[in-house]
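Chains, contacts and geometry: an overview
For reference, the chains in residue letters:
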Amino acid sequence: MRQGEIRPYRPIGPRRELYVLVVSADEFNADPVSRPICVDVVPGWPSSGISIPLTSRDPVEGVVRVATIGSRSRDALGEPVGMITGQTLARVWEAFHVILDLPGGAR
């Protein structure tokens, strides 16, 4: 599992399947007992400073909802459908700086 991958997420319960973007570091993700940190990808959601639209060069359509950050069960994550572009990932990190009031700019 790698940072920047888009994966299907199939949660247990009534919530429908959706795509998520893996944002946790590769070293963290390599630990088999870790729960990868992800954010939801939602089609049709309006973009904003903290909801980042995916581009035509990204593997799926939709908006990365940075405020949905959280750990996800490895068992509920499917195989990767692709990696987002470096430019999109930089915009996601800028949005994290905004919502978490972190110093500095893009990663």
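Our structure's up above, just so we're on the same page.
In what follows, the accompanying structure is described. No experiment lies behind these values; they were computed from the predicted model shown. (Residues numbered from 1 in each chain as written. Predicted model: local features only at pLDDT ≥ 70, side-chain atom pairs only at ≥ 80, totals over all residues. Heavy atoms only, no water.)

1. Some details on the overall build of the protein chain
To keep it simple, the criterion reads: For helices the rule is a DSSP run of H or I covering at least 4 residues; for strands it is a run of E covering at least 2, with both sets numbered from the N terminus onward. Every radius of gyration here is taken over C-alpha atoms, with the globule rule written as 2.2 Å times N^0.38, N being the number of residues. Only protein chains enter the area calculation, which uses a 1.4 Å probe; residues under 20% of their type maximum are buried, those over 50% are exposed, and those in between are partly exposed. Note on areas: Shrake-Rupley, 1.4 Å probe, and residue coverage restricted to the protein chains presented here. When charges are tallied, Lys and Arg are placed among the positive residues and Asp and Glu among the negative ones, while His and the ends of the chain are skipped. A charged residue contributes its charge at one atom only: NZ of Lys, CZ of Arg, CG of Asp or CD of Glu.
Summing up its helical and strand segments, the protein chain has two helices and six strands in all. Starting at the N terminus and walking to the C terminus, you meet the elements of the protein chain as β-β-α-β-β-β-β-α. Over its C-alpha trace the protein chain gives a radius of gyration of 13 Å, about what one expects of a compact globule, namely 13 Å for 107 residues. A principal-axis box enclosing the C-alpha atoms of the protein chain has dimensions of 35 × 30 × 25 Å. Among the 107 residues that make up the protein chain, the fraction classed as buried is 43%. A total of about 6,000 Å² of accessible surface is found on the protein chain, and carbon and sulfur atoms cover 54% of it. Charge separation in the protein chain, taken as the distance between the mean sites of 12 positive and 12 negative side-chain charges, equals 3 Å.

2. Focus on the packing of aromatic side chains
The cut-off we apply is this: Here a pair means two rings of Phe, Tyr or Trp (six-membered ring of Trp) with centres within 6.5 Å. Their orientation is stacked below 30 degrees between planes, edge-to-face above 60, and tilted elsewhere. By definition here, charges over rings are those cases where NZ of Lys or CZ of Arg is within 6 Å of the ring centre and within 35 degrees of the ring normal.
Counted by the stated rule, this structure contains one aromatic pair. Centroid distance Trp93 to Phe96: 5.2 Å. Interplanar angle 50 degrees. Geometry classified as tilted. Note that Trp93 and Phe96 are positioned in helix 2 (residues 86–100) at a spacing of three residues, about one turn of the helix. Taken individually, Trp93 and Phe96 each receive the classification buried, so the pair is uniform in this respect. Positioned over the ring face of Trp45 is Arg65, at 3.8 Å from the centre of the ring.

3. A look at helix 2
Put simply, the rule reads: Expected helix span is taken as 1.5 Å per residue step, with the number of steps being one fewer than the number of residues. Pairs of residues are marked as contacts when any of their non-hydrogen atoms sit within 4.5 Å.
Between its first and last C-alpha, helix 2 extends 21 Å over 15 residues, near the 21 Å set by a 1.5 Å rise per residue. Turning to helix 2, the residues buried within the fold contact strand 2 (18–22), strand 3 (37–42), strand 4 (51–53) and strand 5 (63–71). With its phi angle positive at about 55 degrees, Asp101 sits one or two positions after the end of helix 2.

4. So, the sheet that holds strand 3
Note the following rule: A pair of strands counts as paired when DSSP detects no fewer than two bridges linking them. A fitted line through C-alpha atoms represents every axis, and for helices the fit uses only the stretch in contact; the resulting angles, taken between N-to-C directions, go from 0 to 180 degrees.
With antiparallel pairing, six strands are arranged side by side in an open sheet as 4-5-3-2-1-6. Of all strands in the sheet, those with a lone pairing partner are strand 4 and strand 6 (82–83), marking the two edges. Bridging between strand 3 and strand 5 involves five bridges; their strand directions are antiparallel. Across the sheet, the residue bridging to Val41 is Val64, located in strand 5. Across the sheet, helix 2 touches strand 2, strand 3, strand 4 and strand 5, and the angle it forms with strand 5 is around 65 degrees.

5. Observations concerning the pattern of salt bridges
Basically, it comes down to this: Any Lys or Arg side-chain nitrogen found within 4 Å of a carboxyl oxygen on Asp or Glu counts as a salt bridge.
A complete count under the given rule lists four salt bridges for this structure. Asp26 is paired through a salt bridge with Arg2; the nearest N and O atoms lie 3.9 Å apart. Separated by 24 residues along the polypeptide, Asp26 in helix 1 (residues 26–30) and Arg2 in the segment before strand 1 (5–9) bring together distant segments of the chain. Under the relative-accessibility criterion, Asp26 is labelled partly exposed at 36%.

6. Notes on the side chain of Ser34
Let me state the cut-off plainly: Polar contacts here mean pairs of N or O atoms no more than 3.5 Å apart (in protein, one a potential hydrogen donor and the other a potential acceptor; neighbouring residues in sequence count only if both atoms are side-chain atoms).
Note on placement: Ser34 falls in the loop between helix 1 and strand 3. For Ser34, the side chain forms a polar contact with the main-chain oxygen of Asp31, separated by 2.8 Å. Residue contacts for Ser34: discarding those within four places in its chain leaves Phe28, Asn29 and Arg74.

The values are spatial; any link to function lies outside them.
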